[in-house]
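Structural overview
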Amino acid sequence: MSAPSSPLGSVARWGLNLFAVGVMMYLFMPIFWIVGFSFNEPKGKFNFVWQNTTLDNWREPFKDEALTDALLTSLKIASISTLIATVLGSLIALALARYSFKGNAFLDFVLVLPLTTPEIVIGSSLATLFLDQNVTRGFSTVVIAHVMFQISFVALTVRARVRGFDWTLEQAAQDLGASPMRTFWKVTFPLILPGILAASLLSFALSLDDFIITLFNAGSVSTFPLFVNASFKNSFSPQINVLATIVLLASVALMASGTLVSRAKSRRSTR
Amino acid sequence: MTISELTPNPVNSRDESTEPTRRSFDPERLGLGLLLLTGALLVVVGTGMVTGVLATLALALTLGTVVALIGAAILGGPEVRRKIAPYGLLKPGMLWLALFYLAPLVTLLRNSLSTLPSRFAVKADFDWNFGNYSTAFTDFGGQFQRGFGYAAVATVLTIFLGYPLAYVIAFRGGKYRGLLLGLIIIPFFTSYLIRTIAWQSLLADTGPIPSVLNDLGFQPILNALGIMDGDKILNTPAAVIGGLTYNFLPFMALPIYVSLEKINLNLVDAAKDLYSGSVRAFCKVIFPLSLPGLFAGTLLTFIPASGDFVNQQYLGNPNTSVIGQSIQNQFLVQNNLPVASAMSFVLMMIITVFVIIYSRFFGTDDLA
């Protein structure tokens, strides 16, 4: 855009930039608190008041066994549900993006519904289903619930990514004598893979962080968010902050490496 | 520069790229019919509306159609395969949604019309008990109002904070746009619950934020505005709204960014060449083109915020209780399944009506 013409314009410009920086700091304020308190040496059971700086919590990140178990349960649930949802959701995305057929708009609507339903409704309604059917709520019911909202998320994200692809490439491959299977693995799959990976990463994060739906369907199983919720009243150990920081760092590293890889790839292909 | 480059894309341009394949595709009513039939059968079986022999029959029919579809794909030629392919691809995921999204809504409705035989009964008996709905409205009307009210205020605040943020990143981020966008997402990767607990400590009476505000002398102003209660922020409606705003800000900023990024800057330059000032160029060109993102952001913020109870639980007080919390409390603590179901169903209906009206006007494409 053109340079600001008046001093007033430049003040407004910098004002807006400053405002954006302020919003960014607002977004990060609790993150700093969480990371900072992982270095605190709390008095008593609750890690809410700053006492002394210590590295002890980081020397024993898995000291709180129940907490570690809860985190492992969460990771297990997220892995299984993401795997199922990625496959089912990608198939739906492929069908919606690749083919035009009757009922396309209707199915679109069905897909959006779970994402536009408040979590509390999804959680409570699933719980009534399990109660009515005498299903004991536990690990597998949580997986079922997570897969449900992840399917919609994966399908819509992948579809948005693959929209506008040149599907005639598939025909080109088949015209050149490739079998349908070979066409899929050599042409279609590489085209949609980046979208699928991005969608599955984000839906993994959604599952890991889900609290409300899980609360209704977990039975006696404790996930990381459920454990943290219970800790708020019983004892809030600094290990919660340590593990939250580790999850944060791992996610950032994963995201950054994903970006770097795709950047390196596009550089290679343009060269 | 040609005229066509200058012509703005119509705001509702979602249909132009959806049909890369041939338009002359035969309408396959059969495929959709089978999909809907098996979905409906699964819902019927899942909700337990039919039992015993009928349920087995319905399950057998579902399995039969799936097997028949696979058989047709294997035996039929490539032509048949191409026609039923989309339904084959859709089937597993859609059936999962039928069984674990639609069927639960039916059981929710049935539970909302039931009566608990005794105070500690696990299951309620279905007897068209509409009284649960009047209880939901009379006893929890305030919670409904507060839930939607807080969500509405928070949504407006996220627009106020998120739009400038998205604007600065999209138009002034330069080569750092990707990085800045990543920064918005990073808070997502810490548990929602822990972030809210962090706000609880930040806003606590002995926490850093109230003491800074008091030291700076903002207390009288904030009291007058009704944001602070004396020297307290925690346990006020303002804290709940602040928490909601914080937690859903990225859901607003990201869709707005996506639609801002798509804007062809030539259009803005053209407007300026035609002597429109920056403000006018923004109002006439940039803002209208960013509306799809704004609308998507509004849905993505308002809907989860209206059912949320985590912010209220950690940042509010009993007088600020919202509908999400009442549902949770009646369902999991009081074991009052029918009333909880009724409230849940009403919440769902209000949101659905809202979404239908909304998507009529703006479509749902920008949600993903």
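Rules behind the numbers
Residues numbered from 1 in each chain as written. Chains lettered and ligands numbered in written order. Predicted model: local features only at pLDDT ≥ 70, side-chain atom pairs only at ≥ 80, totals over all residues. Helix = DSSP H or I, 4+ residues; strand = E, 2+ residues; numbered from the N terminus. Rg over C-alpha atoms; globule rule 2.2 N^0.38 Å. Buried ≥ 20, exposed ≤ 12 C-beta atoms within 10 Å, placed from the backbone. Contact = placed C-beta atoms within 7 Å. Domains from an automatic or database assignment. Nonpolar A, V, L, I, M, F, W, Y, C, P; charged D, E, K, R; others polar. Axes fitted to C-alpha atoms, helices over the stretch in contact; angles between N-to-C directions. Parallel < 35°, antiparallel > 145°, perpendicular 65-115°, else oblique. Core = buried A, V, L, I, M, F, W, Y, C linked by C-beta atoms within 7 Å.

**A few points about the overall build of chain A**
Looking only at helices and strands, chain A features 11 helices and zero strands. For chain A, the sequential pattern of α-helices and β-strands runs α-α-α-α-α-α-α-α-α-α-α. In terms of C-alpha radius of gyration, chain A reaches 24 Å, well past the compact-globule figure of 18 Å for 271 residues. The principal-axis extent of the C-alpha atoms belonging to chain A is close to 70 × 70 × 35 Å. Each of the 271 residues in chain A was classed as buried or not, and the buried ones make up 42%. The contacts in chain A between residues at least 6 apart in sequence include a share of 78% that link residues at least 24 apart.

**A few points about the domain arrangement of chain B**
A common way to express how large an interface is: the accessible area buried when the components associate. Residue and element names in this part refer to chain B. Under the domain assignment used here, chain B contains domain 1 (27-112) and domain 2 (131-367). Measuring from the centre of the C-alpha atoms in domain 1 to the corresponding centre in domain 2 gives 38 Å. For the side of domain 1 that touches domain 2, the class distribution of residues is two nonpolar, two polar and no charged.

**A look at the interface of chain A and chain B**
Each side of the interface is counted separately: chain A has 80 residues, and chain B has 83 residues. Class assignment for the residues of the side of chain A that touches chain B results in 55 nonpolar, 17 polar and eight charged.

**Observations concerning the packing of helix H5 (residues 119-132) of chain A against helix H4 (residues 78-112) of chain B**
Their axes nearest at 7 Å, the elements H5 of chain A and H4 of chain B cross at an angle of 80°. Classified by the angle between their axes, H5 of chain A and H4 of chain B sit roughly perpendicular to one another. On H4 of chain B, the residues that touch Ser124, Ser125, Leu126, Thr128, Leu129 and Asp132 of chain A of H5 of chain A are Phe100, Ala103, Pro104, Leu105, Thr107, Leu108 and Asn111 of chain B. When grouped by side-chain class, the residues that make up the contact of H5 of chain A with H4 of chain B number seven nonpolar, five polar and one charged.

**Here's the deal with the packing of helix H3 (residues 65-98) of chain A against helix H10 (residues 224-231) of chain A**
All names here are of chain A. Relative to each other, H3 and H10 sit at 150°, their axes nearing to 7 Å. By the criterion of interaxial angle, the relationship of H3 to H10 is roughly antiparallel. Across the interface between the two elements, Ala66, Leu67, Ala70, Leu71 and Ser74 of H3 pack against Phe224, Leu226 and Phe227 of H10. In terms of residue class, the contact of H3 with H10 is built from seven nonpolar, one polar and no charged.

**Observations regarding unusual backbone geometry**
Residues and elements named next belong to chain B. For Asn235, which is not a glycine, the phi torsion comes out positive at approximately 65°. Tracing the sequence through the fold places Asn235 in the loop between helix H9 (219-224) and helix H10 (237-261). Exposure remark for Asn235: the 20 C-beta atoms within 10 Å place this residue in the buried category. One non-glycine residue, Asn335, adopts positive backbone phi at about 60°. Within the secondary structure, Asn335 sits in the loop between helix H14 (323-333) and helix H15 (337-362).

**Section: the environment of Pro30 of chain A**
Along the chain, the position of Pro30 of chain A falls in helix H1 (residues 7-36). Once the C-alpha coordinates of Pro30 of chain A and Ala97 of chain A are considered, the two residues, 67 residues apart in sequence, prove to be 40 Å apart. Not counting residues up to four positions away in its chain, the partners in contact with Pro30 of chain A are Arg195, Ala198, Trp199 and Leu202 of chain B.

**Details of the nonpolar core**
In this structure, Ile92, Met148 and Ile151 of chain A together with Phe100, Ala166 and Met343 of chain B are the most contacted members of the largest nonpolar core, which totals 154 residues. Here this core takes 16 residues from H4 of chain B, the largest share from any one element. Look past the residues within four positions of Met148 of chain A in its chain and what remains in contact with it is Pro114 of chain A together with Trp96, Leu97, Phe100 and Tyr101 of chain B. Val268, Val285, Ile286 and Leu289 of chain B belong to the second largest nonpolar core, which has five residues in total.

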